[in-house]
Amino acid sequence: MTQKAFKVLSLGFIILLAACSKNVKPSSYYSPNYKDGGVDRHDGLGFEIPVKYAIDVFYFNESPKQSYEVIESISISGEVPLENNQTVNGKMLNRGNHQTKKQEILSQLVEKATEMGASALMDVKYQVYSTQYANGYTFSGKAIRYVLK
């Protein structure tokens, strides 16, 4: 009798496991943002992107659905000396900028595009490089204006 009960429980467990596996979703760059509504993106920029800016922002290969014209390519670059806590025994432990610094730079890029009269910013990319004594970065994108067909 105990073997029969064990078999029934085992069979029930297997069915339950199979039923739950159907709801597994593949990983995504998007996750729900319950606080602000909408979704958060997690892509190659290395930080969470705010839900809204004053203008539309399109990253990497994304492009607007509307017709547009390119106003100008813009970028912000800089180089910051390494801090003492980034290296130990001559080896670099941390490189790049902190998340808040990246968000500040992206906000500056959006502000620069807004001042040019842009409706959106597209092809936004973040690049970082390191030398023996400094971290460098470049945020770039294209300021665009929506046009009527």
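Treat the numbers as computed from the prediction; the structure is a model and nothing was measured.

**Remarks on the pattern of salt bridges**
Part 1 of the reasoning: All chains considered together, the criterion is met by two salt bridges.
Part 2 of the reasoning: The salt bridge involving Arg145 is made with Glu69; its shortest N-O contact spans 2.7 Å. Placement of Arg145 in strand S8 (residues 134-146) and of Glu69 in strand S4 (residues 68-81) is noted, with a sequence separation of 76 residues between them.
Part 3 of the reasoning: On the accessibility criterion, Arg145 (32% relative accessible area) is partly exposed.
Part 4 of the reasoning: For Glu69, a relative accessible area of 36% translates into the label partly exposed.
Part 5 of the reasoning: Linking Asp123 and Lys142 is a salt bridge whose minimum nitrogen-to-oxygen distance equals 3.4 Å. Remark: Lys142 occurs in strand S8 and Asp123 occurs in strand S7 (residues 120-130); sequence separation between them is 19 residues.

**Let's talk about the nonpolar core**
Part 1 of the reasoning: One finds Leu106, Leu109, Ala113, Leu121, Val124 and Phe139 to be the most contacted residues of the largest nonpolar core, which totals 17 residues.
Part 2 of the reasoning: Contributing elements (two or more residues each) for this core: strand S3 (56-59), S4, helix H2 (99-115), S7 and S8.
Part 3 of the reasoning: In terms of residue count, the dominant contributor to this core is H2 (five residues).
Part 4 of the reasoning: Residues in contact with Leu109, not counting those within four places in the same chain, are Ile74, Ser75, Ile76, Leu121, Phe139, Ser140 and Gly141.
Part 5 of the reasoning: In this structure, Phe58, Met122, Ile144 and Tyr146 belong to the second largest nonpolar core, which totals five residues.

**Some details on the sheet that holds S4**
Part 1 of the reasoning: Read across the open sheet, the four strands follow the order S3-S7-S8-S4; overall the sheet is mixed. Since the sheet does not close on itself, it has two edges, and those belong to S3 and S4, each with one partner. On average, each strand axis in the sheet is tilted by 25° relative to the strand beside it, whichever way the strands run.

**Considering the environment of Gly141**
Part 1 of the reasoning: As for its position among the elements, Gly141 is in strand S8.
Part 2 of the reasoning: Residues Gly141 and Val110, 31 residues apart in the sequence, show an inter-C-alpha distance of 9.2 Å.
Part 3 of the reasoning: Those residues in contact with Gly141, other than ones at most four positions away along the chain, are Glu72, Ser73, Ile74, Leu109, Leu121, Met122, Asp123 and Val124.

Cut-offs used in this document
Residues numbered from 1 in each chain as written. Predicted model: local features only at pLDDT ≥ 70, side-chain atom pairs only at ≥ 80, totals over all residues. Heavy atoms only, no water. Salt bridge = Lys/Arg side-chain N within 4 Å of Asp/Glu carboxyl O. Helix = DSSP H or I, 4+ residues; strand = E, 2+ residues; numbered from the N terminus. Buried < 20%, exposed > 50% of the residue type's maximum accessible area, 1.4 Å probe, protein only. Core = buried A, V, L, I, M, F, W, Y, C linked by side-chain atoms within 4.5 Å. Contact = heavy atoms within 4.5 Å. Pairing = 2+ DSSP bridges. Axes fitted to C-alpha atoms, helices over the stretch in contact; angles between N-to-C directions.

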